[in-house]
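Understanding the architecture of this molecule
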Amino acid sequence: MRRGPTRRGFLRAGATTAAALAAGAAGTGVAAGQSADYGGWFTSDSKGGEVKNYDGTTVDKTGQDTVTVEVGAQGNGGTYAYAPPAVRVSPGTEVVFEWTSNTHNIVVEDQPSGANWEGVSEIKNSGYTYSYTFETAGVYKYYCDPHLGLGMKGAVVVGGGSGGGGGSPEWGDWFTSSGKGGEVKNYDGTTVDKTGQSDVTVEVGADGNGGTYAYAPPALKVDPGTTVHFEWTSNTHNIVVEDQPGGANWEGVSEIKNSGYTYSYTFETSGTYLYYCDPHLGLGMKAGIFVTGASGGSGAAAGGGGGLLPDLNWWNAAWIVGPSAVAVPTIAAYVLWDSWRAGDVSLDWLLEGETPPETVEAPQYEPERRIEHDDYDPWGTASLIAVYTAILVVAWILLYFVEFLGRGPHILG
Amino acid sequence: MDIHRYEKIWIGVSLVFIVGLMASIVYGVVAVGATTVGDSGETVAANDLSNTTFGDPGGHWASDDHYVVNVVAQQFQFRPGTREPVVVPANTTVTFRLTSPDVVHGFEVVGTSVNAMVIPGQVTVATTRFDRPTTYGVVCNEYCGAGHQNMEGQIVVVPRETLRNASANGTAASLAPPAGDAPDGGVA
């Protein structure tokens, strides 16, 4: 989690103050808590067609001093995407554009009046970086000239959003290694902004944390009244609510469910909800939902304890005792057998009175008719080999003389 | 050692077969002249072809009986080849010099034995001779990305004097019929 130290500091200092300061810092532009309006920039009826790597999410990077956008990331059927395609930053944020594949540029399609971003008209290759500090609030739209037809378009929204009175998520140390259960590896410091949407989906058991042990997205921001659909995409996960705002009574899904199970809950009370998967807490399967409308931080300091050892409930105990019950006797038996084989330990007292059975060899018969070496004619085998050889010769003639030499012109040097 | 007579026959047949394989290849190389692409091509900076012979790709006469075509194979087109066909003379030694600025491509003249791999940073040199005026298709036969299936081009073989006169007049490009629309996935 990399946020500007100053901002983080005052967020901690006090929720109300934070919201007020953030509102001031964010300036104006987009109404509070509202999704940016891109005017159809990402849809198929606009210039260049649909941006397939845009899923309706504006990645909220407000409050960060430096934000990185990949140019030529995977997407749109190749390395033809800006990642993230839509990003929201605070005014004064330096956005670093990093070329991760070849032959891309940045052509500015639209920007707020008063702004004079020029983009990068020259076509650049992997390794090139360019940064620009966005000061004027509003929506900036840009695209890649060579790959516009493939949908390589992006947008930067400056100001508004999370700072504007909706409250900012404050996750405390829930996603860090000092939180209960350890670090959430699929959390990259980004809170996915789904405000303004009435239905939002969270995958339970998505790829991440060293397997299918992740909630995707791990950090989510929604408006009050949003129904979140939890969809199980792999087996043996549940949702245990670690913390929620006062007055909220979300119970999660305590039972362990498998792939295909879905569960929906409508979040009404503003604040921070923290939850985790009981079986996979130790792997970092944790997530949070922030419901706008109130100041962040109501669940801020939660999730402090633990860290080194998981709670010893029946499930964790079964993980340890079950395999141990098999492994310990197996290893003990092997060590004993190995010692006995080496003669270090005598187990004769176990076998006392028993002798191994005698092995009887089969009787040898005389051949009925003896054939001398040159009297034997394996004509069956010989004719089979002759046929195989003929097939090989024909195949070679077809391959080399008919297919290759017969189909000119050739490479002559 | 007592070898069975059937085994003696078998050893003889397999020796004849091996010698026959080698002899047929020697025949192909010596009598027909069919070889493969060698390592004679130089290297170029794949990131920047602008200062090389591939900065302005196309064909030119190297001598009276030698026509050289520089072709850039890139995602997802041949330049020239896709937007306008490659025009080459018949009954003339034609050398294709191929390179790629991005990923590995293939250069297969469909229905012939002219088939080469195009490697970024490396110039593939393939010399051939077309014996009569006709039209060939060119396809990329190495998977090169999302638009690979659309990467194709055309070679138009014209009589030698026709191309020579057109080259002199600067109208070589007009010799070929229109190549049709650029395939999907090309540069917009």
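This one's a predicted model, so the numbers in the text were calculated from it and none came from an experiment.

Quick word on the overall build of chain B
Of the regular secondary structure elements, chain B holds 2 helices and 10 strands. Secondary structure elements of chain B, listed N to C terminal, follow the sequence α-β-β-β-β-β-β-β-β-β-β-α. Sorting the 188 residues of chain B into buried and exposed places 39% on the buried side. Across chain B, every contact between residues at least 6 apart in sequence was considered, and the portion connecting residues at least 24 apart equals 66%. For chain B, the exposed surface amounts to about 9400 Å²; the carbon and sulfur share of it is 56%.

Thoughts on the overall build of chain A
For chain A, the count of helices and strands is 6 helices and 20 strands. Within the span of chain A, comprising 413 residues, buried residues form 42% of the whole. Sequence-distant contacts, at least 24 apart, represent 70% of the contacts inside chain A between residues at least 6 apart. On chain A, roughly 21200 Å² of surface is accessible, and the fraction owed to carbon and sulfur atoms is 54%.

Quick word on the pattern of salt bridges
Side chains that differ in sign of charge can pair as their charged atoms come close. A complete count under the given rule lists 12 salt bridges over all chains for this structure. Measuring nitrogen to oxygen at the nearest pair gives 3.6 Å for the salt bridge that ties K221 of chain A to D60 of chain A. With K221 of chain A in strand β14 (residues 219–222) and D60 of chain A in strand β1 (residues 58–60), the pair connects residues that are 161 residues apart, well separated along the chain. Each member of the pair, K221 of chain A as well as D60 of chain A, is classed as buried. Between R160 of chain B and D65 of chain B there is a salt bridge, with its nearest N and O atoms 3.4 Å apart. Residue R160 of chain B is found in helix α2 (residues 160–169), and its partner D65 of chain B is found in the loop between β1 (58–63) and β2 (66–74); the two are separated by 95 residues along the sequence. For R160 of chain B, a relative accessible area of 25% puts it in the partly exposed group. A relative accessible area of 31% places D65 of chain B in the partly exposed class. When salt bridges that share partners are traced, they join D65, R129 and R160 of chain B into one network.

Points about the packing of aromatic side chains
Residues and elements named next belong to chain A. With the rule as written, the count across this model stands at 38 aromatic pairs over all chains. On the basis of an interplanar angle of 85° and a centroid distance of 6.0 Å, the ring pair of Y38 and Y54 is categorised as edge-to-face. Separated by 16 residues along the polypeptide, Y38 in the loop between α2 (15–26) and β1 and Y54 in the loop between α2 and β1 bring together distant segments of the chain. Of the residues examined, Y38 reaches a relative accessible area of 5% and is grouped as buried. Judged by centre distance (5.8 Å) and plane angle (20°), the ring pair of F230 and W250 falls under stacked. Placement of the pair is F230 in strand β15 (residues 226–232) and W250 in the loop between β16 (237–243) and β17 (253–257), with a sequence separation of 20 residues.

Focus on unusual backbone geometry
Omega for the peptide link from A216 of chain A to P217 of chain A comes to -5°, which places this bond in the cis form. Considering the arrangement of structural elements, one finds P217 of chain A in the loop between β13 (214–216) and β14. For the bond running from Q75 of chain B to F76 of chain B, omega is -5°, close enough to zero to count as cis. Checked against the element boundaries, F76 of chain B lands in the loop between β2 and β3 (77–79). If you check the backbone angles, T236 of chain A has positive phi at about 55° while not being a glycine. Looking at the element boundaries, T236 of chain A is found in the loop between β15 and β16. On the accessibility criterion, T236 of chain A (32% relative accessible area) is partly exposed.

Details of the confidence of the model for chain A
Predicted confidence across chain A gives a mean pLDDT of 80, with 83% of residues reaching 70 or more. Across residues 1–34 of chain A, where pLDDT falls below 50, the model places 48 contacts with residues more than four positions away in sequence or in other chains.

Digging into the side chain of N70 of chain B
Its place among the elements puts N70 of chain B in strand β2. A polar contact of 2.8 Å, which involves the side chain of N70 of chain B, links it to the side chain of R97 of chain B.

What to know about the environment of G38 of chain B
As for its position among the elements, G38 of chain B is in the loop between α1 (5–32) and β1. Take G38 of chain B: its relative accessible area is 51%, and that puts it in the exposed class.

Quick look at the interface of chain A and chain B
Contacts between the two partners involve 32 residues from chain A and, on the opposite side, 40 residues from chain B. Here chain A meets chain B over a buried area of about 2900 Å², counting both sides, of which 60% is carbon and sulfur. Interface area lost by chain A to chain B is led by P409, I411 and L412 of chain A, which between them contribute 24%. Where chain A packs against chain B, one counts 1 salt bridge. For the salt bridge of R5 of chain B with D377 of chain A, the shortest nitrogen-to-oxygen distance reads 2.3 Å. In this structure, the connection of chain A to chain B is made through 10 residue pairs in polar contact (both at pLDDT 80 or more). In terms of residue class, the side of chain A that touches chain B is made up of 18 nonpolar, 10 polar and 4 charged.

Parameters at a glance
Residues numbered from 1 in each chain as written. Chains lettered and ligands numbered in written order. Predicted model: local features only at pLDDT ≥ 70, side-chain atom pairs only at ≥ 80, totals over all residues. Heavy atoms only, no water. Helix = DSSP H or I, 4+ residues; strand = E, 2+ residues; numbered from the N terminus. Buried < 20%, exposed > 50% of the residue type's maximum accessible area, 1.4 Å probe, protein only. Contact = heavy atoms within 4.5 Å. Areas by Shrake-Rupley, 256 points an atom, 1.4 Å probe, with all protein chains shown as cover. Salt bridge = Lys/Arg side-chain N within 4 Å of Asp/Glu carboxyl O. Phe/Tyr/Trp six-rings, centres within 6.5 Å; stacked < 30°, edge-to-face > 60°. pLDDT = per-residue confidence, 0-100. Polar contact = N/O pair within 3.5 Å; in protein donor to acceptor, adjacent residues only side chain to side chain. Buried area = accessible area lost by both parts, 1.4 Å probe. Nonpolar A, V, L, I, M, F, W, Y, C, P; charged D, E, K, R; others polar.

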